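# A look at the structure
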Amino acid sequence: MGKSGSKLNKKTLQELLENTNFSEEEIKQLYKGFHRDCPTGKVTLKEFKYIYGRFFPSGNADDFAKHVFRTFDTNKDGYVDFSEFLRAVSMTSRGSVEDKLRWTFGMYDLDKDGFITRDEMLNILEAIYDMMGSEVIDSLPPEERSPAKRRDKIFELLDHNDDHIITLEEFLEGAQRDKALVDVLTNGIFDKKKLDSAAASYGPSQGWRLSPDPVVPVDGKV
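Since the model is a prediction, treat every value here as computed from it, not as a measurement.

### Here we look at helix 7 (residues 118-132)
- An ideal rise of 1.5 Å per residue puts 21 Å on 15 residues; helix 7 measures up with 21 Å between its terminal C-alpha atoms.
- Within helix 7, the full set of buried residues consists of Glu-120, Met-121, Leu-122, Ile-124, Leu-125, Ala-127, Ile-128, Tyr-129, Met-131 and Met-132.

In structure tokens, the structure reads:
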């Protein structure tokens, strides 16, 4: 990758067929759209912030975009290439409930030590609240207007041994046991239509019309 109009090589195509839920034709079409608006074959954090900022003008989406970008950028080289992008899209839009929950856990687990602390949970929730803006936050029930209170509610539901951390096992068990909790963890206060649109449109020309499936941190249709 790297040249505008370049073709997807057979090795990469085969790897994506084996590791995503997209067909060969879908992958090729998505690749064309990706390279039309991103001829370098790589997306930067700045561009990711632009995507979310356009759709949340009343708030500040920079921190949330940074967290999503971090989760997409699996090799930690500071860019998201087509393979990383499509794997994440496949996971969040067409993966199983457990796939989506594992992906979400990875976004909350900031230092990748295998568990979520209260501070890590608060960090993500604060980014979400900042992105939504005060007008949306003020429309929530009083008990949901504070990121800290929402964090406390989640820990009350998931942290059964009261050790102030949430393991992957606790996360999966609690979320799959309680559908309402899944919504809190994955969508919660997200304006889902805006998130779908934000991630399905990229760049000034809005050239990435990816698929009819939502391309969001975690799809709420579980």
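There is more to say, and it comes next.
### Considerations on the UniProt feature "domain: EF-hand" (unreviewed entry) in the protein chain
- The UniProt entry lists residues 64-92, 100-128 and 150-178 under the feature "domain: EF-hand" (unreviewed entry), expressed in the numbering used here.
- Helix makes up 69% of residues 64-92 and strand 7%, and the two end C-alpha atoms of the span are 16 Å apart.

### Re the confidence of the model for the protein chain
- Of all residues in the protein chain, 79% attain a pLDDT of 70 or more, and the chain-wide mean is 80.
- A low-confidence stretch, residues 198-222 (pLDDT under 50), is modelled with 78 contacts involving residues beyond four sequence positions or located in other chains.

### Side note on the environment of Phe-34
- Following the sequence through the fold, Phe-34 ends up in helix 2 (residues 24-37).
- Through-space distance from the C-alpha of Phe-34 to that of Phe-82 is 7.1 Å; in sequence the pair is 48 residues apart.

### Details of the pattern of salt bridges
- In this structure the tally under the stated criterion is seven salt bridges.
- In this structure, Lys-28 and Glu-24 form a salt bridge, with 2.9 Å as the shortest nitrogen-oxygen distance. Of this pair, Lys-28 and Glu-24 are both found in helix 2, four residues apart, which corresponds to roughly one turn of the helix.
- With a closest N to O distance of 2.5 Å, Asp-152 and Arg-118 form a salt bridge. With Asp-152 in helix 9 (residues 147-158) and Arg-118 in helix 7, the pair connects residues that are 34 residues apart, well separated along the chain.
- A residue is classified by how much of its surface remains accessible, and Asp-152, at 33% relative accessible area, is partly exposed.

### Here we look at the packing of aromatic side chains
- On inspection of all chains with the given rule, the structure shows eleven aromatic pairs.
- With centroids separated by 5.4 Å and ring planes inclined at 70°, the aromatic side chains of Phe-48 and Phe-72 adopt a geometry described as edge-to-face. Linking Phe-48 in helix 3 (residues 45-55) with Phe-72 in helix 4 (residues 62-72), this pair joins segments that are 24 residues apart in sequence. In terms of burial, Phe-48 and Phe-72 fall into one category: buried.
- Ring geometry for Tyr-108 versus Phe-171: centroids 6.4 Å apart, planes at 55°, classification tilted. You can see Tyr-108 sitting in helix 6 (residues 97-108) and its partner Phe-171 sitting in helix 10 (residues 168-177), a full 63 residues away along the chain.

Reading the values: the criteria
- Residues numbered from 1 in each chain as written.
- Predicted model: local features only at pLDDT ≥ 70, side-chain atom pairs only at ≥ 80, totals over all residues.
- Heavy atoms only, no water.
- Helix = DSSP H or I, 4+ residues; strand = E, 2+ residues; numbered from the N terminus.
- Expected span 1.5 Å × (residues − 1).
- Buried < 20%, exposed > 50% of the residue type's maximum accessible area, 1.4 Å probe, protein only.
- UniProt positions renumbered as here; feature names shortened; annotations may be inferred.
- pLDDT = per-residue confidence, 0-100.
- Contact = heavy atoms within 4.5 Å.
- Salt bridge = Lys/Arg side-chain N within 4 Å of Asp/Glu carboxyl O.
- Phe/Tyr/Trp six-rings, centres within 6.5 Å; stacked < 30°, edge-to-face > 60°.

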